[in-house]
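# Remarks on the overall topology
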Amino acid sequence: MASMAAVCTKTPYPSHSLSTIPNTHFAQIRKVSVSLPSVRRANRRLRVSSGLIEPDGGKLVELVVDEPLRDVKKREALSLPRIRLSKIDLQWVHVLSEGWASPLSGFMRESEFLQTLHFNALRLEDGSVVNMSVPIVLAIDDSQKHRIGESTQVALFDSANNPVAILKDIEIYKHPQEERIARTWGTIAPGLPYADETITHAGNWLIGGDLEVIEPIKYHDGLDRFRLSPAELREEFTRRNADAVFAFQLRNPVHNGHALLMTDTRCRLLEMGYKNPILLLHPLGGYTKADDVPLSWRMKQHEKVLEDGVLDPETTVVSIFPSPMHYAGPTEVQWHAKARINAGANFYIVGRDPAGMGHPVEKRDLYDADHGKTVLSMAPGLERLNILPFRVAAYDKTQGRMAFFDPSRSQDFLFISGTKMRMLAKNKENPPDGFMCPGGWKVLVDYYDSLAPMSDGKVPEAVPA
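First, a word on what this report is: a plain description of the structure on this page.

Cut-off values and rules
Residues numbered from 1 in each chain as written. Predicted model: local features only at pLDDT ≥ 70, side-chain atom pairs only at ≥ 80, totals over all residues. Heavy atoms only, no water. Helix = DSSP H or I, 4+ residues; strand = E, 2+ residues; numbered from the N terminus. Buried < 20%, exposed > 50% of the residue type's maximum accessible area, 1.4 Å probe, protein only. Contact = heavy atoms within 4.5 Å. Areas by Shrake-Rupley, 256 points an atom, 1.4 Å probe, with all protein chains shown as cover. Axes fitted to C-alpha atoms, helices over the stretch in contact; angles between N-to-C directions. Parallel < 35°, antiparallel > 145°, perpendicular 65-115°, else oblique. Core = buried A, V, L, I, M, F, W, Y, C linked by side-chain atoms within 4.5 Å. Pairing = 2+ DSSP bridges. Left-handed = near helix turned anticlockwise from the far one by under 90°. Nonpolar A, V, L, I, M, F, W, Y, C, P; charged D, E, K, R; others polar. Polar contact = N/O pair within 3.5 Å; in protein donor to acceptor, adjacent residues only side chain to side chain. Phe/Tyr/Trp six-rings, centres within 6.5 Å; stacked < 30°, edge-to-face > 60°.

## Overview of the overall build of the chain
The helix and strand inventory of the chain stands at 13 helices and 15 strands. Classification of the 465 residues of the chain by burial places 55% in the buried group. If you take every contact in the chain between residues at least 6 apart in sequence, the share linking residues at least 24 apart comes to 76%. Roughly 20,900 Å² of accessible area belongs to the chain as shown, and the carbon and sulfur atoms make up 49% of that amount.

And the structure:
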């Protein structure tokens, strides 16, 4: 399929207001001035400027120790009380180590945890505010707390008993599991995937402190080449002479409606006066729920989208965002946006019901579909980020391709939901021509074919792509 073309349209961009956040102590952060916009936002104009947006706090907080010190740190780790990391814990170490959560310097201490729960933001020493909407914490149980005793530091080990990091100047405090779930998801209903996986059965204590990560986190799954850190992404954007970076996060295969949106966004940025906007296509690579398409298959599908010319490789950077997924709707989408600031993005595309899911008990969506983009437009600490709301795309039967929905001729459009897409792929049926590039669709069909029931009726686990 030829590269997607889009007609530029003038669409107003919402901006932000800032709520007042009580001042609390947050140590070891470089000062950066933050301007506070007026509460009235309708007439705020976007500024065209050169250079990448500064990270939160003024600099990236990278926590991997220098290579000459790694053997020393490994020996030191062997002498300390140990905490065994789960797979998701390790993903958070990865996130912290590369500066996605800058200006955090490790797992949250209690003051940072409480600010995150109650304000979705952290106030720095200079009085400025950065967004932080999901707790990045490490849980321990009573026996682990007892083993730590009076030690001021602990060693973190992976499931293979390899030393991963040292957590220094530790603080141990109560883990309010019910409050954490209620404030993150807005419900304590059973069946929240991330909560069930990491919180409900976790220890009664949280341990925070400053991280020293011994080596860069690698997964050796054939995808590490896509896992660019914020610093590496900034280098790549600079190499490409980007004067704007617009980020698009997804945890699903890319169809031509997505491509139309991304291509149209670049066109709109060019109209605004930018010379070389670069797309960061940034699939989530941490924990996802069982019925999501696995990362390896998604990455294979994304590669086909580029190979088939649906997106331009010269203006697109494909990378993996290492964060686990909470499915916490408007609360979590703030984290997704904030992390992309640290990677150099000054525009963030947000769609319908971002980071949402169906209610785990009732037959309805857990969140209002429009609240994510509304919250992003006024979230504290995200004033520097320009939010680009989705335009609704659907399959235009009169043109045989994906197009922006025109309500004046709604009968001409076909909406193909994710559920419908998955059903077609499972049944090896083709969608309408122009819905997804053929190579990308074949990857999706192959994935569901790999899940076909075996002779004994059991469904095998997904095999890596």
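## Digging into the packing of helix H12 (residues 418-426) against helix H13 (residues 438-450)
Taken N-terminus to C-terminus, the directions of H12 and H13 make an angle of 70 degrees; their axes are 8 Å apart at the nearest point. In terms of their interaxial angle, H12 and H13 are classed as roughly perpendicular. Across the interface between the two elements, Met421, Arg422, Leu424, Ala425 and Lys426 from H12 touch Trp441, Leu444, Val445 and Tyr448 from H13.

## Regarding the nonpolar core
In terms of nonpolar packing, the biggest core is built from 79 residues, with Phe107, Ile136, Leu156 and Trp335 touching the most fellow members. Sorting elements by how many residues they give to this core places helix H2 (residues 87-98) first, with 6 residues. Those residues in contact with Ile136 that lie beyond four places of it in its chain are Trp92, Leu96, Ala101, Leu104, Phe107, Met108 and Trp335.

## Observations regarding the sheet that holds strand S8 (residues 244-250)
Taken together, the 5 strands give an open sheet; going across it, the order is S10-S9-S8-S11-S12, and neighbouring strands pair in parallel fashion. Only two strands of the sheet have a single neighbouring strand rather than two, namely strand S10 (316-318) and strand S12 (386-389). Between one strand axis and the next, the sheet turns through 25 degrees on average, direction left out of account. Pairing geometry for S8 and strand S9 (residues 277-283), over 7 bridges, is parallel. Note on S9: the bridge partner recorded for Gln249 is His282. Relative to the sheet, helix H7 (residues 230-239) contacts S8, S9 and S10, its axis offset from that of S9 by approximately 150 degrees. Contacts between helix H8 (residues 256-272) and the sheet are confined to S8, S9, strand S11 (347-350) and S12, with S8 contributing the most and set at about 165 degrees to the helix.

## A look at the sheet that holds strand S14 (residues 401-404)
Taken in spatial order, the 3 strands of this open sheet run S14-S13-S15, and their pairing is antiparallel. Since the sheet does not close on itself, it has two edges, and those belong to S14 and strand S15 (413-414), each with one partner. Both strand S13 (residues 393-396) and S14 contribute to a ladder of 4 bridges, which runs antiparallel. Bridge pairing in S14 links Asp396 to Arg401.

## Points about the packing of helix H9 (residues 295-307) against H13
Contact pair H9 / H13: the axes reach a minimum separation of 7 Å and the direction vectors enclose 160 degrees. Taken together, the axis directions place H9 and H13 in an arrangement best described as roughly antiparallel. Note on packing geometry: the crossing formed by H9 with H13 is right-handed. Here Trp297, Lys300, Gln301 and Lys304 of H9 come into contact with H13, specifically with Gly439, Gly440, Val443, Asp446, Tyr447 and Ser450. Looking at the contact of H9 with H13 residue by residue, the classes come out as 3 nonpolar, 4 polar and 3 charged.

## Some words on the environment of Arg364
Take Arg364: it is sitting in the loop between S11 and helix H11 (371-376). Dropping the residues within four chain positions of it, Arg364 is found in contact with Gly358 and His359. For Arg364, the side chain forms a polar contact with the side chain of Glu362, separated by 2.6 Å.

## Points about the packing of aromatic side chains
Within the structure shown, the criterion is met by 12 aromatic pairs. Between the aromatic rings of Tyr194 and Tyr287, the centroid separation amounts to 6.2 Å while the plane-to-plane angle is 65 degrees, which identifies the pairing as edge-to-face. Taken together, the residues Tyr194 in helix H6 (residues 193-198) and Tyr287 in the loop between S9 and H9 connect sequence positions 93 residues apart. A residue is classified by how much of its surface remains accessible, and Tyr194, at 2% relative accessible area, is buried. Given a relative accessible area of 15%, Tyr287 falls into the buried group. Aromatic pair Phe405 and Phe413: ring centres 5.2 Å apart, planes at 70 degrees, arrangement edge-to-face. Exposure remark for Phe405: the relative accessible area of 28% places this residue in the partly exposed category.

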